[in-house]
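Here's the letter readout for the chains.
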Amino acid sequence: MKITVLTFAQTRTQLGFAEKSFECEPTETPREIFRRLAPHFDPGKTVRVAVNQEYADWDRPVGEATELALIPPVSGG
Amino acid sequence: MKTRIEFTRSPIVPPAPEFSSSEIGACLEFAGIVRELENGNKIPGLFYEAYEPMATAQLEKILAELGTKNPCDEVLFVHRLDFVPVGEVSLFVRVCSRHRGPALALMGELIERLKADVPVWKRAGK
């Protein structure tokens, strides 16, 4: 299946793209997907992941999700 | 609770309040303004970006939760994106309620939650 991967703020600079369509399996977790997509990228403890626009667990399979986003520490206001 | 959430790339011009009920007794407004100094250095302004659909969904969720704890009548939330020069408003929030307590509490908590959970980012410069 295809999943759209989105990056924002500093993660966009680190990964070098804003949006990318990527082949993955429903059983894969966001951590596994990013390990394949960007082997040198380490989300550490501060970058969260959103699956279909909801905060999600890095280690929970994405299922039939269509969108995956990296959410570095936010700073609105 | 009536809520309106907007992201805009133009200067924020808050609309005049239109109270939906003659029982509204408190109307609180907050404006976040871009300051000139960032870590002691002068900057021209701040550049904001957002993951807009998720930011809107998160704000709706946060407001539903906060509105249960602090019943208010109306919330208007406007966040500016892209470059915002020093001295201009980046965030405008208006909360109206029957009594001041819930409006003051909701406003404070909403801004804390915005800064913790809503996918909006800023960086110095254009």
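Fair warning: this is a prediction, and the values are worked out from it, not measured in the lab.

Calculation notes
Residues numbered from 1 in each chain as written. Chains lettered and ligands numbered in written order. Predicted model: local features only at pLDDT ≥ 70, side-chain atom pairs only at ≥ 80, totals over all residues. Helix = DSSP H or I, 4+ residues; strand = E, 2+ residues; numbered from the N terminus. Rg over C-alpha atoms; globule rule 2.2 N^0.38 Å. Buried ≥ 20, exposed ≤ 12 C-beta atoms within 10 Å, placed from the backbone. Arc of directions from axis to C-beta. Contact = placed C-beta atoms within 7 Å. Nonpolar A, V, L, I, M, F, W, Y, C, P; charged D, E, K, R; others polar.

> I tried to follow the overall build of chain B on my own but got confused; where do I start?
Looking only at helices and strands, chain B has two helices and nine strands in total. Sequence-ordered secondary structure for chain B, helices as α and strands as β, is β-β-β-β-β-α-β-β-β-α-β. Relative to the compact-globule value of 14 Å for 126 residues, chain B shows a C-alpha radius of gyration of 15 Å, a close match. Each principal axis of the C-alpha distribution contributes one length, and for chain B these read about 45 × 25 × 25 Å.

> It is not clear to me how helix H2 (residues 30-37) of chain A should be interpreted in this structure. Could you clarify?
Every α-helical turn comprises 3.6 residues, leaving residues that sit three or four positions apart pointing alike. Residues and elements named next belong to chain A. Listing the buried residues of H2 in full gives Pro30, Ile33 and Phe34. Projected onto a plane normal to the axis of H2, the buried residues spread over an arc of 95° and lie on a single side. Those residues of H2 that are buried lie in contact with strand E2 (19-23), strand E3 (48-51), strand E4 (54-56) and strand E5 (67-71).

> Quick question: what am I supposed to make of unusual backbone geometry here?
Backbone geometry follows two general trends: most residues other than glycine have a negative phi, and most peptide bonds adopt the trans configuration. One non-glycine residue with positive phi stands out, namely Asn52 of chain A, at about 50°. Among the secondary structure elements, Asn52 of chain A is positioned in the loop between E3 and E4. A residue is classified by how many C-beta atoms lie within 10 Å of it, and Asn52 of chain A, with 17 of them, is partly exposed. The residue Asn39 of chain B is not glycine, and still its phi comes out positive at about 50°. Its place among the elements puts Asn39 of chain B in the loop between strand E3 (37-38) and strand E4 (41-42).

> Please explain the interface of chain A and chain B as it appears in this structure.
Put simply, an interface is often sized by how much accessible area is lost when its parts join up. Listed per partner, the contact involves eleven residues of chain A and 18 residues of chain B. Here the residues of the side of chain A that touches chain B are counted per class, giving seven nonpolar, four polar and no charged.

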